[in-house]
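Topology and contacts: notes
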Amino acid sequence: MSSTSSNIWPGVIRRYSEHLPITDATPVITLHEGNTPLVPAPGFVEAIGGKFSLYLKCEGLNPTCSFKDRGMTLAVSKAKERGAEIVICASTGNTSASAAAYAARAKMRCIVLLPHGKIALGKLAQALMYGATTVAIEGNFDQALQIVRELGETGKVEVVNSINPVRIEGQKTAAFEICDALGDAPDFHFLPVGNAGNITAYWRGYREYQAAGKSDTLPRMCGWQAAGAAPIVDGHPIASPNTVATAIRIGNPASWQGAREAADQSEGFIDKVTDEEILHAYKLLARTEGIFVEPACAAPLAGLIKAVQRDQIPEGSLIAATMTGHGLKDPDTAIGSAGFHPHVVPAERDAVLKVLGL
Ligand SMILES: *Cc1c(COP(=O)(O)O)cnc(C)c1O
């Protein structure tokens, strides 16, 4: 039984093939990504004093636990179609995890360039487990991407960073799913901005769905950068970007222009939040909703808190926010910010009752 004729979710390429640059000759390399839950978050909204509906697109529930899988299924399929044997990427972590997984699925070799010492532990574990050749650069993501661009020009390797235009094509399917789930586009779309491919992809997806008559409205796109890595907000590249949200620790976004257009054309904005605000929202979400995301996802949540304080969200609005990656990707930040101070007691019932004050 082929996966197209069964009831198995077929992955984003087969589900949205009419909107994607593929042909019958394209081999579909899929881990059946997409179809992620859109989860209402009323407890978080209540905690921040909002009067609107918030839906979280939980992209951490993709096969490698981030939204990168949506673009990677297409990038690796197209690379395979062209006969490439090696894929390469620079990564703050999630792109490498995804590239490595899809390359394994496609029986291709994968090379990843990572900023040394700045990768969340879970992401590194993934790249290693999927068998990627991992090179740690004594530099940041932007420098790693520059080297990858140069290696791509040799023609020996296929670059699967979001400078590869099909990555953005695959990622726009998340906007389709949100429209399919809600019956139309939301009023606002909040998301983190790093290399800015995803905000570019969502805006393209929302416009294409509207043009195809599958949705009526367009959201205002509201992107959030971390204050120490906010080149778009500050208006110039940042030589040494820094933030606890390593997935958006990027000083010179490849899709800078696409992000500006998304914000400007949709009458949205791109703004920034501090690491302190990010960590506050990160914990608040976990405790009010039982949803554990990686720190980058908390940037738009911290942004939402700001927007409420500034009275930027009309009552009754419908807001979608992308939770781009799973919280277990970065256990160090989780344990560091939640604090780990276990009560060590003898293995006796009364000792446990006593320490609990019960
Ligand atoms: C890649 C990534 C981002 C940033 O997305 P861009 O498309 O680079 O703006 C944000 N959060 C997570 C978890 C990511 O993996």
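In short, a report on the structure.

On to the site of the ligand, then. The immediate surroundings of the ligand are formed by 16 residues, with Lys68, Asn94, Asn195, Ala196 and Thr324 found nearest. Within the backbone of Gly197, one N or O atom sits 3.2 Å away from an oxygen atom of the ligand. The backbone of Asn198 places a nitrogen or oxygen atom 2.8 Å from an oxygen atom of the ligand. In terms of residue class, the shell around the ligand is made up of seven nonpolar, seven polar and two charged.

Below, the discussion takes up the packing of aromatic side chains. A full pass over the atoms with the stated rule returns eight aromatic pairs. Each ring, one from Phe176 and one from Tyr209, has its centre 4.5 Å from the other, and the planes form 15 degrees; the classification is stacked. Here Phe176, found in helix 8 (residues 173–182), pairs with Tyr209, found in helix 9 (residues 197–211); they are 33 residues apart in sequence, far enough to count as distant. Both rings, one in Phe190 and one in Trp224, keep their centres 6.2 Å apart while their planes meet at 20 degrees; by these two values the pair is stacked. Here Phe190, found in strand 7 (residues 188–192), pairs with Trp224, found in strand 8 (residues 220–226); they are 34 residues apart in sequence, far enough to count as distant. By the burial criterion, Phe190 is buried, and Trp224 matches it. An aromatic cluster is defined as three or more aromatic residues linked by ring pairs; in this entry it consists of Phe188, Phe190, Trp224 and Phe269.

Tracing the sequence through the fold places Ala247 in the loop between helix 10 (231–234) and helix 11 (256–265). Distance from Ala247 to Leu301, taken between C-alpha atoms, is 15 Å for residues 54 residues apart in sequence. Setting aside chain neighbours within four positions, we find Ala247 in contact with Thr92, Lys123, Glu294 and Ala296.

Summarising burial for strand 7: five of the five residues are buried, a large majority. Judged by which residues are buried, strand 7 turns out to be covered on both faces: Phe188, Phe190 and Pro192 on one side and His189 and Leu191 on the other are all buried. Where strand 7 lies against strand 8, five bridges are found, and the strand directions are parallel. When the sheet's bridge partners are listed, Leu191 is paired in strand 8 with Gly223. A crossover connection joins strand 7 to the parallel strand 8 through helix 9; in handedness this β-α-β unit is right-handed.

When you line up the elements, Ser66 lands in the loop between strand 2 (53–58) and helix 3 (68–81). Setting aside residues no more than four positions away along its own chain, Ser66 makes contact with Glu59, Gly60, Asn94, Thr324, Gly325 and Lys329.

Another point: the sheet that holds strand 8. With mixed pairing, six strands are arranged side by side in an open sheet as 1-2-10-7-8-9. Because the sheet does not close on itself, it has two edges, and the strands there are strand 1 (38–40) and strand 9 (269–273). Neighbouring strand axes in the sheet, compared pairwise and without regard to direction, differ in orientation by 25 degrees on average. Pairing analysis gives six bridges linking strand 2 to strand 10 (residues 318–323), with the strands arranged parallel. The residue of strand 10 that forms the bridge with Tyr55 is Ala320. Relative to the sheet, helix 8 contacts strand 1, strand 2, strand 7 and strand 10, its axis offset from that of strand 2 by approximately 135 degrees. Relative to the sheet, helix 11 contacts strand 8 and strand 9, its axis offset from that of strand 9 by approximately 110 degrees.

So, about the pattern of salt bridges. One pass over the full model with this rule turns up 16 salt bridges. A salt bridge links Glu59 to Arg70; its shortest N-O distance comes to 2.5 Å. Of this pair, Glu59 sits in the loop between strand 2 and helix 3 while Arg70 sits in helix 3, and the two are eleven residues apart along the sequence. With respect to class, Glu59 is no different from Arg70; both count as buried.

Calculation criteria
Residues numbered from 1 in each chain as written. Predicted model: local features only at pLDDT ≥ 70, side-chain atom pairs only at ≥ 80, totals over all residues. Heavy atoms only, no water. Near = heavy atom within 4 Å. Polar contact = N/O pair within 3.5 Å; in protein donor to acceptor, adjacent residues only side chain to side chain. Nonpolar A, V, L, I, M, F, W, Y, C, P; charged D, E, K, R; others polar. Phe/Tyr/Trp six-rings, centres within 6.5 Å; stacked < 30°, edge-to-face > 60°. Helix = DSSP H or I, 4+ residues; strand = E, 2+ residues; numbered from the N terminus. Buried < 20%, exposed > 50% of the residue type's maximum accessible area, 1.4 Å probe, protein only. Contact = heavy atoms within 4.5 Å. Pairing = 2+ DSSP bridges. Right-handed = clockwise from strand over helix to strand, strands pointing away. Axes fitted to C-alpha atoms, helices over the stretch in contact; angles between N-to-C directions. Salt bridge = Lys/Arg side-chain N within 4 Å of Asp/Glu carboxyl O.

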